[in-house]
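Results of the structural survey
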Amino acid sequence: MNIAVIGASCTPYGEWWDKSLRDLLAQAQLAALDDAGLAAKDIQEIFVANMCAGQLSGQVNLGAMAADILGIHIPSTRIEGACASGALAIRAGIAALESGRAEVVMVSGVEKMTDVDHALATESLMSATDYETEGFVGATFPGLFALVTRAYMHQFGITREQLALVSVKNHKHGALNPRAHFRKEISVTDVLKSSMVADPLTLLDCSPVSDGAACIILSTPAFAKEIGKHGVNIIASTQASDTLALSHRKEFTQFYATQQAAQQAFMIASIKPSDVDLVEVHDAFSMAEIIALEDLGFFERGTAAFATAEGKTVLNGQLTVNSSGGLKAKGHPVGASGIGQIVELVQQLRGQCGVRQVNNAKIGLAHSMGGLGATVAVHILAKEA
Ligand code: COA
């Protein structure tokens, strides 16, 4: 497959109490149009990703909002797949292009999570798991990931310090990213001493709740060439799912949906994991990054924490992981996150990332997860030779 990414933009992520949902979405959409050198009238269809606005912002029907922002009244649809909403919206955009229905589409995503009481944000996020068996009885996302973390530590004998190094690395990268929610380097001691959220996960093992928006513009390769905006293409887009409830799984320490989506993506792109230069993985919790790197095929099972401790996943290491700072430090406005990952890959492949530029970046992979491994999408992007 070959779909051109001709525009990409992302707002800074953080606590934006002076900006509305609409303000953030408008900022990302207009900047992406600008980046593509297009006018609103050139867009033929819009897909906008969002998870929580109904509950946290009192707003649904974001499809109409996204089109309204551009002043055009074209087909525009809101897509939801929990924290993977953005990645699923990208797949919807690709389908519209591949069907021949459109030549150029906009895919945007937005979330506004910091204006409400944290308990409400936690409850809203928890609706991404099986509410009947998990949310209703009081489990939280950090709580469920703490169970996964304990099981992994027990099975593979990794230390708490090794796990903390995931957050240390991602904060190091985030400090280099002007759009990151947290631009502060942290140490292993900081992680271990930060407040306990769900044993063994502390505050600094968790991604934050953030406000933010991201937008990309996709087109057929022919359209991209015609307007001189070719250069970065999506060469694989896959999706898989698993049981909604963690309690219905046979195993906690590997996620089937990531493995399936990854295997298919590598097959479609006709490449192997060792061909990839950088990845943006869904590090909602430090353990999530470790498991994702193994499920995606970059490291053998039980070895990714050791590889992290050896510095293999740092910027310009063996495989650059989360050069943006990841969800941990760049932030996690859930509806925008999957698209924000692609913005980072596009800017890296174009060579626009300044101090956090990955040397000679040619192939990037994005991994996005909705719920606790229940919905996963993988995208592979390549720089045109
Ligand atoms: N990493 C680093 N710093 C964080 C942080 C995080 N994840 N979350 C909050 N902070 C900072 C805040 O900026 C604040 O700093 P300040 O005192 O300098 O202003 C301080 O820590 C306290 O923030 P507060 O908002 O009171 O934190 P909290 O205890 O309400 O929330 C978590 C912290 C970790 C519980 C919350 O961020 C969370 O629930 N994260 C997980 C989100 C999630 O489940 N996402 C879905 C995953 S798929």
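Computed from a predicted model, the values in this text were never measured in an experiment.

The rules behind these values
The residue numbers shown here count from 1 along each chain, following its written sequence. This being a predicted model, a pLDDT of at least 70 is required before a residue's local features are given, and a value of 80 or more before pairs of side-chain atoms are given or counted; all residues contribute to the totals for chains, interfaces and linings. Derived side-chain values reflect all non-hydrogen atoms in the structure, with water molecules and hydrogen atoms excluded from consideration. By this definition, two strands are paired if DSSP reports at least two bridges between them. The helix count covers DSSP runs of H or I at least four residues long, the strand count covers runs of E at least two residues long, and both are numbered beginning at the N terminus. Here a residue-residue contact requires only that any non-hydrogen atoms of the pair lie within 4.5 Å. Axes here refer to lines fitted to C-alpha atoms; in helices the fit is confined to the stretch in contact. Angles between the N-to-C directions go from 0 to 180 degrees. The split into domains, and so the bounds of each, comes from an automatic or database assignment of domains. Two parts placed together each lose some accessible area; with a 1.4 Å probe, that loss summed over both constitutes the buried area. Just to be clear on terms, a salt bridge is a Lys or Arg side-chain nitrogen sitting within 4 Å of an Asp or Glu carboxyl oxygen. We call two N or O atoms a polar contact when they sit within 3.5 Å, provided that within protein one can donate a hydrogen and the other can accept it, with sequence-adjacent residues counted only if both atoms are side-chain atoms. Each residue gets one of three labels, nonpolar for Ala, Val, Leu, Ile, Met, Phe, Trp, Tyr, Cys and Pro, charged for Asp, Glu, Lys and Arg, and polar for the others, Gly among them. Buried means the residue's accessible area, taken with a 1.4 Å probe over protein chains only, is under 20% of the maximum for its type, while exposed means over 50%, and partly exposed covers the values in between. Count a disulfide wherever a pair of cysteine sulfur atoms falls within 2.5 Å.

This brings us to the sheet that holds strand β11 (residues 363-370). With respect to topology, 10 strands assemble into an open sheet ordered β3-β2-β4-β7-β1-β8-β12-β11-β9-β10, the strand pairing being mixed. The open sheet has two edge strands, β3 (76-79) and β10 (320-321), and neither has a second partner. Bridge count for strand β8 (residues 232-241) against strand β12 (residues 375-383) is nine bridges, and the pairing is antiparallel. In the sheet register, Val232 faces β12, and the bridge partner there is Lys383. Against the sheet, helix α3 (residues 62-70) engages β2 (45-49), β3 and β4 (104-111), with an angle of about 135 degrees to β3.

So, about the domain arrangement of the chain. Segmenting the chain into domains produces domain 1 (3-117 + 209-232) and domain 2 (128-208 + 234-383). A straight line from the C-alpha centre of domain 1 to that of domain 2 covers 23 Å. Contacts between the two partners involve 45 residues from domain 1, matched on the other side by 38 residues from domain 2. Together, Tyr13, Cys83 and Val232 form the three largest contributors to the area buried by domain 1 at its contact with domain 2, with a combined 25%. The tally of links from domain 1 across to domain 2 stands at one salt bridge. Ionic pairing is found between Asp35 and Arg350, a salt bridge with its closest N-O pair at 2.9 Å. Counting across the interface, domain 1 meets domain 2 through eight residue pairs in polar contact (both at pLDDT 80 or more). Of all the secondary structure elements, the ones that give two or more residues to the side of domain 1 that touches domain 2 are β1 (3-10), α4 (85-98), β4 and β7 (212-219). Looking at the side of domain 1 that touches domain 2 residue by residue, the class counts come to 27 nonpolar, 13 polar and five charged.

For helix α5 (residues 118-126), the full list of buried residues reads Ala121, Ser124, Leu125 and Met126. Residues of α5 that are buried make contact with α2 (53-56), α6 (131-135), α7 (141-156) and α15 (334-350). In this structure Asp117 caps α5, since a side-chain oxygen of it lies 3.0 Å from the backbone nitrogen of Ala119.

Our next topic: the state of the cysteines. Note on terminology: a disulfide is the covalent bond linking the sulfur atoms of two cysteines. Scanning the entire structure with this criterion turns up zero disulfides. Cysteine Cys206 remains unbridged, with the sulfur of Cys83 as its closest cysteine sulfur at 13 Å.

Of all eight residues in β1, eight are buried; the element is thus mostly enclosed. Pairing of β1 with β8, which is carried by two bridges, proceeds in the antiparallel orientation. From the neighbouring strand, Ala4 faces β8, where its bridge partner is Asn233. Across six bridges, β1 lies against β7 in antiparallel orientation. Within β7, the position partnered with Ala4 by the bridge is Ser219.

Here the residue pair Asp199 and Pro200 is connected by a cis peptide bond, since its omega of 10 degrees sits within 30 degrees of zero. Even without a glycine there, the phi angle at Ser270 is positive, about 55 degrees. If you trace the backbone, Ser270 turns up in the loop between α11 (256-269) and β9 (278-280). The class for Ser270 is exposed, based on a relative accessible area of 64%.

For the rest of this paragraph, the subject is the pairing of β2. In terms of burial, β2 is largely enclosed, as five of its five residues are buried. Neither face of β2 is left uncovered, since the one carrying Glu45, Phe47 and Ala49 and the one carrying Ile46 and Val48 both have all their residues buried. Summarising the sheet, β2 and β4 pair through five bridges and their orientation is parallel. Bridging across to β4, Glu45 finds its partner in Val105. Of the strand pairs in this sheet, β2 and β3 are connected by four bridges, and their pairing is parallel. Counterpart to Ala49 in the pairing with β3 is Ile79.

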